[in-house]
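Survey of secondary and tertiary structure
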Amino acid sequence: MNYGSSNRGRGKVDVESLERENDRGLDALAERVGLLKTATMGIKNEAESQHSLLDNIDSGMGSARSFLGSVNDKFKVVMNDKQSRKMIGMVVATVVGLVGLWYLINR
C-alpha cells in the first residue's frame, strides 16, 4: 500500500507533460508572433512606398498647376486683343470643319 510513491510518480509525469505542452504552445505562439511581425513590417513598407508615391504625385500636380496658371495668364492676354480673338475663332472653325469632313469621308 504505497500510495504516496505512486502519486508522486504520476504527479511528476503530469508536470513534465504539462511543461512539454506549454513549450509547444509557446513555440506556436512565437511562430504566430513572427508571422504578425512580418505582416506588420510589410504593411509599414507598403505605407512608406505609398507615401513616397503620393509626395511625387503632389509635386507633379503642383508643377502642372503652375504651368496651367501661366498658360491661362497668357491666354487672357491674347483674348484681350480683338484681332487675336478673330484668329482663334478661325483656327477653331478650321479644326471643326476638318473633323467634320473627316467624319463624312470615313462614314
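About the criteria used
In this numbering scheme, every chain counts its residues from 1 along its sequence in written order. For a predicted model such as this one, the threshold for reporting local features is a pLDDT of at least 70, and the threshold for listing and counting side-chain atom pairs is 80 or more; totals across whole chains, interfaces and linings nevertheless cover every residue. Hydrogens and waters are ignored; side-chain quantities use all the structure's heavy atoms. The way it works is that DSSP assigns letters per residue, a run of H or I at least four long becomes a helix, a run of E at least two long becomes a strand, and they are numbered from the N terminus. Exposure classes here rest on a 1.4 Å probe applied to the protein chains alone. A residue is buried below 20% of its type maximum, exposed above 50%, and partly exposed in between. Areas reported here follow the Shrake-Rupley algorithm with a probe of radius 1.4 Å; residue values treat only the protein chains shown as occluding. Each patch is assembled from residues with relative accessible area greater than 30% and no salt bridge, linking like charges that lie within 9 Å and nonpolar side chains (Val, Leu, Ile, Met, Phe, Trp, Tyr) that lie within 5 Å. A pair is scored as a salt bridge if a Lys or Arg side-chain nitrogen falls within 4 Å of a carboxyl oxygen belonging to Asp or Glu. The charged-residue count follows a simple rule in which Lys and Arg add positive charge and Asp and Glu add negative charge, with His and chain termini not counted at all. Just so you know, the charge point we use is NZ for Lys, CZ for Arg, CG for Asp and CD for Glu. One number per residue, pLDDT, summarises how confident the predictor is, and it ranges from 0 to 100. By definition in these notes, contact holds between two residues if any of their heavy atoms fall within 4.5 Å.

1. Quick notes on the overall build of the chain
When helices and strands are tallied, the chain shows 2 helices and 0 strands. Within the chain, buried positions represent 0% of all 107 residues. Surface exposure of the chain reaches about 9,900 Å², of which carbon and sulfur atoms provide 63%.

2. Here we look at a negative patch on the surface
A contiguous patch of negative charge on the surface is contributed by Glu-16, Glu-19, Asp-23, Asp-27 and Glu-31. On the secondary structure map, Asp-27 appears in helix H1 (residues 3-80). Assessed through its relative accessible area of 55%, Asp-27 is described here as exposed.

3. Focus: a nonpolar patch on the surface
Together, Met-87, Met-90, Val-91, Val-95 and Val-99 make up an exposed nonpolar region whose accessible area comes to about 480 Å². By secondary structure assignment, the location of Met-87 is in helix H2 (residues 82-105).

4. Considering the confidence of the model for the chain
Looking at the chain as a whole, its pLDDT mean stands at 86, while 88% of the residues score no less than 70. Under a pLDDT of 50 for its full length, residues 1-6 has, in the predicted model, 0 contacts with residues more than four places off or in other chains.

5. Here we look at the pattern of salt bridges
In this structure the tally under the stated criterion is 1 salt bridge. Residue Glu-48 pairs with Lys-44 through a salt bridge whose shortest N-O separation is 3.3 Å. In this pair, Glu-48 and Lys-44 are both assigned in helix H1, 4 residues apart and thus about one turn of the helix distant. For Glu-48, a relative accessible area of 43% puts it in the partly exposed group. Given the relative accessible area of 42%, Lys-44 is considered partly exposed.

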